[in-house]
Amino acid sequence: MKRLATLALALLLLGAIGTIKPVKAQETLTVYSYTSITPWMKQIIPIFEKEYGVKVNLVTVGDAGEVLNRLILEKDNPQADVVVGIDNSYLQKAIQAGILEPYKPSDVNVIPKWIIDDFDPTFHLTPYDYGAIAIVYKKSVVKNPPKTFKDLTKPEWKGKLIVEDPRTSSTGMAFLLWTIGAYGNKWLDYWAKLRENKVIVVKSWDAGWEMWDKNQAPLFVSYATDPAYDACEDKNVPPKIGAVFLNGTAYVQIEGAGIIKGAKHPELAKKFIDFLISKEAQEKLPTTQWMYPVNRYVKPPACFNYALNVTNPVKLSPDEIGQNYKKWLEQWTALMVEGKSPEEITGTSTTTTTPTGSTSTTSSGGGICGPALIVALAALPLLLRKRR
């Protein structure tokens, strides 16, 4: 009887075990972004994970251009669910690559209409922040900063300006588009003058900030909010960092997040996009991204009063950028990396006959080992703050 009782108990236990539902594996959302977004993500990802009971795998890859290139390479076998950090300079390239799945957030009305209209009304990407680029300097080093694009080509600034590579940096692409907005089809001539003036080209914003912070060059293409950062973070009031717009104009950069086509967790990805524009996430953006939040109900801190006020933005339509993006980058590469002249690039070189009867081509170019210095610096972690 004892054995029968034991056997019966064992059978009951097995039956009970059989009715227990297996624990569902925790979902993991994979998010691609640029390295310097980490401070904001560190603050908001734990909130999202707790709210939805999921895990977020943040994968950072250098600068925004590098992130986009990786997504294009992975197009046939996507590894990410969401991308964060594609701006209006790279928007059309991303759309044309066919890597994004359109999604209109459920609470889209928190975003002012002008931001949506200027960015992406198709919602391949949802804007989450914006800000203007500017030339920044340390007031203790630069007493009379340049005020125009032409000023940057003067001998006094030779070898003293750091810009980011537009092929790998959204900040660099924004500066390129700023010059195109200012010079139109003469922009190559302007960049040729920058090259002659030994402009320093770096891979990413991080690398440029590192150089600039170490006083390796006094001028740097960065953001109009940098004085606000100095006031907020380093408690310098008034700020020790100065910033200027060139020709009285500005180029406004808008950054967005989108769902990757073929994402393994599309519904969770939608929730993450919704979360990025929520008040909870947006409140933590100004002092980590040093950009303006898109949520109309979130106001940046008082130190943002030290940021430059944008009154005359240069506007290039998304269609214009989309139609010319590839050509402009190829032309910039031919000029700045291959050392060709604007005339060679545009096919307007003039051929003359020498006294000996041979021919020569008029050119103002110089190779990468000449006036244009391309500095291949890695995107090193910074002790201060980071941005794209």
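For every chain, the first residue of its written sequence is number 1, and the numbers climb from 1 along that sequence. It should be noted that, the model being predicted, local features are given only for residues of pLDDT at least 70 and side-chain atom pairs only at 80 or more, the latter also being counted only at that level, while totals for whole chains, interfaces and linings use all residues. The basis for every side-chain value is the complete set of non-hydrogen atoms in the structure, without hydrogens or water.

1. Some points on unusual backbone geometry
For step 1, the next point in the chain: Each neighbour pair has its own omega, and for Val 237 with Pro 238 the value is 0°, a cis peptide bond.
For step 2, the next point in the chain: The helix and strand labels rest on DSSP assignments: H or I over at least four residues marks a helix, E over at least two residues marks a strand, and numbering proceeds from the N terminus. Along the chain, Pro 238 falls in the loop between helix 9 (226–233) and strand 9 (241–244).
For step 3, the next point in the chain: Even without being glycine, Lys 198 reaches a positive phi, approximately 60°.
For step 4, the next point in the chain: As for its placement among the helices and strands, Lys 198 is situated in the loop between helix 7 (187–196) and strand 7 (200–202).

2. Describing the state of the cysteines
As used in these notes, a disulfide is a covalent bond between sulfur atoms, one from each of two cysteines.
For step 1, the next point in the chain: Here, two cysteine sulfur atoms that lie within 2.5 Å of each other are counted as a disulfide. Evaluation of the coordinates by the stated rule reveals one disulfide.
For step 2, the next point in the chain: Cys 232 shares a disulfide with Cys 303; S-S distance 1.3 Å. Note that Cys 232 is positioned in helix 9 and Cys 303 in the loop between strand 11 (292–293) and helix 13 (318–336), a separation of 71 residues in sequence. Taken individually, Cys 232 and Cys 303 each receive the classification buried, so the pair is uniform in this respect. The cut-offs for exposure are 20% and 50% of the maximum accessible area for each residue type, with area from a 1.4 Å probe on protein chains only; residues under the lower value are buried, those over the upper are exposed, and the others partly exposed.

3. Thoughts on the pairing of strand 5 (residues 126–138)
For step 1, the next point in the chain: Burial of strand 5 is extensive: 12 of the 13 residues sit out of reach of the surface.
For step 2, the next point in the chain: Strands were regarded as paired on the criterion that DSSP finds at least two bridges between them. Alignment of strand 5 against strand 10 (residues 251–260), held across seven bridges, turns out to be antiparallel. Residue pairing in the sheet places Tyr 130 in a bridge with Ile 254 of strand 10.
For step 3, the next point in the chain: Bridge analysis of strand 5 against strand 11 gives two bridges, and the strand direction is antiparallel. Pairing of Asp 129 across the sheet is with Pro 293, part of strand 11.
For step 4, the next point in the chain: Of the pairings in the sheet, the one linking strand 5 to strand 8 (residues 219–223) comprises four bridges and is antiparallel in character.

4. Re the layout of surface pockets
A probe as big as a water molecule, rolled over the atoms, marks out the empty space that is left.
For step 1, the next point in the chain: Method remark: on a 1 Å grid restricted to protein atoms, a set of points is classed as a cavity if a 1.4 Å probe fits but cannot get out and as a pocket if it is open with protein on both sides within 12 Å along at least five of seven lines; lining residues have an atom within 4 Å of a point. Grid points are joined across faces, edges and corners, and a volume is the space filled by probe spheres set on the points. By volume, the largest pocket amounts to about 510 Å³.
For step 2, the next point in the chain: Along the wall of the largest pocket there are 26 residues; nearest its centre are Trp 114, Asp 118, Val 252, Ile 254 and Pro 313.
For step 3, the next point in the chain: At the level of secondary structure, the elements contributing two or more residues to the lining of the largest pocket comprise helix 5 (113–118), strand 5, strand 10 and helix 13.
For step 4, the next point in the chain: Under the scheme applied, nonpolar residues are Ala, Val, Leu, Ile, Met, Phe, Trp, Tyr, Cys and Pro; charged residues are Asp, Glu, Lys and Arg; polar residues are all the others, including Gly. Counted by class, the lining of the largest pocket contains 18 nonpolar, five polar and three charged residues.

5. Concerning the pattern of salt bridges
Any two side chains of opposite charge can pair if their charged atoms end up close together.
For step 1, the next point in the chain: Any Lys or Arg side-chain nitrogen located within 4 Å of an Asp or Glu carboxyl oxygen qualifies as a salt bridge. Inspection of every chain in the model, using the stated rule, returns nine salt bridges.
For step 2, the next point in the chain: With a closest N to O distance of 3.0 Å, Arg 70 and Glu 74 form a salt bridge.
For step 3, the next point in the chain: A relative accessible area of 31% means that Arg 70 is categorised as partly exposed.
For step 4, the next point in the chain: What makes Glu 74 buried here is its relative accessible area of 16%.

6. A word on the side chain of Ser 33
For step 1, the next point in the chain: Tracing the sequence through the fold places Ser 33 in strand 1 (residues 28–33).
For step 2, the next point in the chain: Between two residues, a contact is recorded if the distance between any of their heavy atoms is within 4.5 Å. Dropping the residues within four chain positions of it, Ser 33 is found in contact with Leu 58, Val 59, Thr 60, Val 61, Val 67 and Val 84.

7. What about the packing of aromatic side chains?
For step 1, the next point in the chain: Working definition: a ring pair exists when centres of Phe, Tyr or Trp rings (six-membered ring for Trp) sit within 6.5 Å. Plane angles under 30 degrees give stacked, over 60 give edge-to-face, the rest tilted. Per the stated rule, a full pass over the model turns up 25 aromatic pairs.
For step 2, the next point in the chain: Relative to Tyr 190, the ring of Tyr 183 has its centre 4.6 Å away and its plane inclined at 15°; by these criteria the two rings are stacked.
For step 3, the next point in the chain: A ring pair is formed by Tyr 229 and Trp 290, whose centres lie 5.2 Å apart and whose planes are at 80°; its orientation type is edge-to-face. Taken together, the residues Tyr 229 in helix 9 and Trp 290 in the loop between helix 12 (286–289) and strand 11 connect sequence positions 61 residues apart. Judged on exposure class, the residue Tyr 229 and its partner Trp 290 are both buried.
For step 4, the next point in the chain: Each residue in the set Trp 114, Tyr 130, Trp 205, Trp 209, Trp 212, Phe 220, Tyr 229, Trp 290, Tyr 292 and Phe 304 is aromatic and connected to the rest through ring pairs, giving one cluster.

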